[in-house]
Each structure stands twice: as C-alpha cells, then as structure tokens.
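Report on the structure
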Amino acid sequence: MSFHDGEITVQTQAGVRDEAQRLCHVISSTIKPSAQEFLRTQQLAVASTVDVNGKVWASLLTGQPGFVQVLDEQNLQINVTLIHIDPIHQNLQNNNNIGLLVIDLANRRRLRLNGKSDVNQEKIKVQIQQAFFNCPKYIQVRHIEKAVTDSLAKPEAFIRDALSETNQLWIAQSDTFFIASYHPESGADASHRGGFPGFVRVLNSHKLVFPDYSGNNMFQTFGNLIVNAGAGLLFIDFAQGHTLQLSGKAKVIWDVERLNEFAGAQRLVEFDIEQVLESRNACSLRWCFGEYSPFNPG
C-alpha cells in the first residue's frame, strides 16, 4: 500500500516521512486472521460517510458480539439497527465510500477497515481496500455494563447549526471522541482521539480546538484534512447512550506558540461547526469508566 499526496505532505512536514514509509507493510488489502478473530467479539464501531452536500459524518454502530461479520478475507457485513435520523444509510446511497473503526475499549485495541459499501435494508456490506490495527495510545478503558444492554428508551434527535450550552459542557468534559475524514480518491476514514477531560476546548458555539498527540506517524486523518477540510466528529455519552455528531470543516494548525497552550500537542485542529445532530438514547449499550490511558499528556 502507498500513501496519497496529502499524507505524504503531512508526514514530511512532521519530519517522519521515513518512519511512515516503513509502516506501509502493516496496511493490508485483506482481513487477516488476527483481524477476523478480533471482530468476532466486538460490539462498537464508528463509521465515516459523506452526504449529498459533501459533508462528512461520523456515526456510532453497535450490536451483539460479532455484529461486524466477516464474510471472507475481502468482505464483511455490518448487521446494525440505526436510529432513523442518523444519515449513514442515505449517505451511502449517494457515496459508497465508508471508513470503519472497530474499537475494544476494555482491552485498548482498535482496527481500521476502509472500503466500498453496498447497503441493503439494515445490512451494510463492505468490500475492504485497507485493513490495519492501530496503536493503543490514548484509549481510556471502559467496560460494557451488560445489565442495561436490553433497556432502550425511545430515541430522540435534535438538529441544530450550533452547539447548545449543554452540548458545550458535554464536549468540555469529554475524554474521547471520534473523527471522520474523506479523500476524494482514497475514500473515507474513521479514527479515535483521546486525552484527559478538557483536551477538547470549546471556543464558542461554532468552533472547537483540540490537540494532536504523537501517534503512528501515518497521518491518514491529517492527510485527508489538508486535501479536503470536511470532517465529522462523534462524541458519545458512554453512561447514558446519547451521541453528539458534528459536521464541519477542520484546519490543521502548526503554530508553535499556539501549541504551547496544550500539553503534549504536536499540532492543533480548529474545527468549524456547520451542523449538529444530537441523539438521545442512540444505542442500548452503556459503559462504565475504568481508567485513563497512561499515554495521556498531563
């Protein structure tokens, strides 16, 4: 596998081009046995899709263990029930690119699967183009509380063009979020970000800023963002099952003086919000907090 021009540009500016090139071999075009074994027990995934207006969205997908089902080494099927307001199905009818991040919070493992989709009712089939495990950095440990997985209140959704005060407080207290990005030729990608509460700062009801810490040096997300600024963010209320989806534009900041405002920041991202989708009771799973990642900058 090779990197696209955007990824190479960011790798070069970060001074890690050689390190990144040596990691090319970890990106596979098939679902290897280790990835197949991992998927058999997973219940949480995040999908990156693009709507008819070019807006990028990050969507929460959950289900019974193995709901991301491997059909063969090149194909998988996602068996998921989504709330009606989530844009993922309509997006995939318009643009079949999909990025998936399947994440095991309890064991700090994450697998990225990017490819082309085919939607049939509540089943999403994906032909894999890229599959690879990510490093476990910045994942906070959380455990699924089995006792409440069968209780689900009626979902409610609210669409806005700016953050409410409640949304702003939610984000300011978050230690985890997910980011979706899209490259017009290479496709969609979903990734994870974590840190201590407060690592995402709310500048106003339309703008956020967050740090980028030292990672795997491949820069799939940032490479996409410098080619196409469209991005989607997903915040999950793990205790209540609510979600906050933001779609907007992301700008990568390299200014050293601004980096000093955030402990451990290698870069910053300013995110301008264009649309907000808040969903109450978005999923039946509930998680309890375990511990923070030892890699979180102080």
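One can find the structure itself at the top, above this paragraph.
Conventions we followed
- Residues numbered from 1 in each chain as written.
- Predicted model: local features only at pLDDT ≥ 70, side-chain atom pairs only at ≥ 80, totals over all residues.
- Heavy atoms only, no water.
- Salt bridge = Lys/Arg side-chain N within 4 Å of Asp/Glu carboxyl O.
- Helix = DSSP H or I, 4+ residues; strand = E, 2+ residues; numbered from the N terminus.
- Buried < 20%, exposed > 50% of the residue type's maximum accessible area, 1.4 Å probe, protein only.
- Pairing = 2+ DSSP bridges.
- Axes fitted to C-alpha atoms, helices over the stretch in contact; angles between N-to-C directions.
- Parallel < 35°, antiparallel > 145°, perpendicular 65-115°, else oblique.
- Left-handed = near helix turned anticlockwise from the far one by under 90°.
- Contact = heavy atoms within 4.5 Å.
- Arc of directions from axis to C-beta.
- Phe/Tyr/Trp six-rings, centres within 6.5 Å; stacked < 30°, edge-to-face > 60°.
- Lys NZ or Arg CZ within 6 Å of the ring centre and 35° of its normal.
- Patch = residues over 30% accessible without salt bridge, like charges linked within 9 Å, V, L, I, M, F, W, Y side chains within 5 Å.
- Areas by Shrake-Rupley, 256 points an atom, 1.4 Å probe, with all protein chains shown as cover.

1. Here's the deal with the pattern of salt bridges
- Applying the stated criterion to the full structure yields 12 salt bridges.
- The shortest N-O distance in the salt bridge between Lys 207 and Asp 272 comes to 2.6 Å. Separated by 65 residues along the polypeptide, Lys 207 in strand S13 (residues 207–212) and Asp 272 in strand S16 (residues 267–280) bring together distant segments of the chain.
- Taken together, the salt bridges that share partners define one network made up of Lys 207, Arg 258, Glu 270 and Asp 272.

2. Let's talk about the pairing of strand S10 (residues 176–183)
- The buried fraction of S10 is high, at eight of eight residues.
- Summarising the sheet, S10 and strand S11 (residues 187–194) pair through eight bridges and their orientation is antiparallel. Counted as the bridge partner of Ser 181 is Asp 189 from S11.
- Where S10 folds back onto S11 in an antiparallel hairpin, the turn is made up of three residues.
- Examined bridge by bridge, S10 and strand S14 (residues 230–237) share four bridges and lie antiparallel to one another. Bridged to Ile 179 within S14 is Leu 233.

3. Some remarks on the sheet that holds strand S7 (residues 123–134)
- One open sheet holds the seven strands; their spatial order is S2-S1-S5-S6-S7-S4-S3, and the pairing between them is antiparallel. The sheet terminates laterally at strand S2 (56–62) and strand S3 (68–72), the two strands that pair on one side only. Neighbour-to-neighbour, the strand axes of the sheet open up by a mean angle of 35°, direction not taken into account.
- In this sheet, S2 lies alongside strand S1 (residues 44–50) in antiparallel orientation, the contact comprising seven bridges. Of the residues in S2, the one forming a bridge with Leu 44 is Thr 62.

4. Some remarks on the packing of helix H1 (residues 5–14) against helix H6 (residues 220–227)
- With their axes 7 Å apart at the nearest point, H1 and H6 run at an angle of 110° to one another. Relative to H6, the element H1 lies roughly perpendicular. Considering the relative orientation of H1 and H6, their crossing is right-handed. Side by side, H1 and H6 meet where Gly 6, Glu 7, Thr 9 and Val 10 of the first sit next to Gln 220, Phe 222, Gly 223, Ile 226 and Val 227 of the second.

5. Brief notes about H1
- Listed in full, the buried residues belonging to H1 are Gly 6, Glu 7, Val 10 and Gln 11. Viewed end-on, H1 has its buried residues packed into an arc of 130°, placing them on one side of the element.
- Where H1 is buried, its residues contact helix H2 (17–22) and H6.
- Just downstream of H1, Gly 15 is the residue with a positive phi angle, here 75°.

6. A short note on the packing of aromatic side chains
- A complete count under the given rule lists nine aromatic pairs for this structure.
- The interplanar angle of 45° and the centroid separation of 6.2 Å between the aromatic rings of Phe 219 and Phe 222 together place this pair among those described as tilted.
- Ring centres 5.4 Å apart and planes at 85° place the aromatic pair Phe 238 and Trp 287 in the edge-to-face group. Of this pair, Phe 238 sits in the loop between S14 and strand S15 (242–253) while Trp 287 sits in strand S17 (residues 287–291), and the two are 49 residues apart along the sequence. Each member of the pair, Phe 238 as well as Trp 287, carries the same accessibility label: buried.
- Directly above the aromatic system of Phe 262 lies the positively charged group of Arg 201, at a separation of 3.8 Å from the ring centroid.

7. Some thoughts on a nonpolar patch on the surface
- Together, Phe 196, Phe 289 and Tyr 292 make up an exposed nonpolar region whose accessible area comes to about 260 Å².
- Within the secondary structure layout, Phe 289 lies in strand S17.

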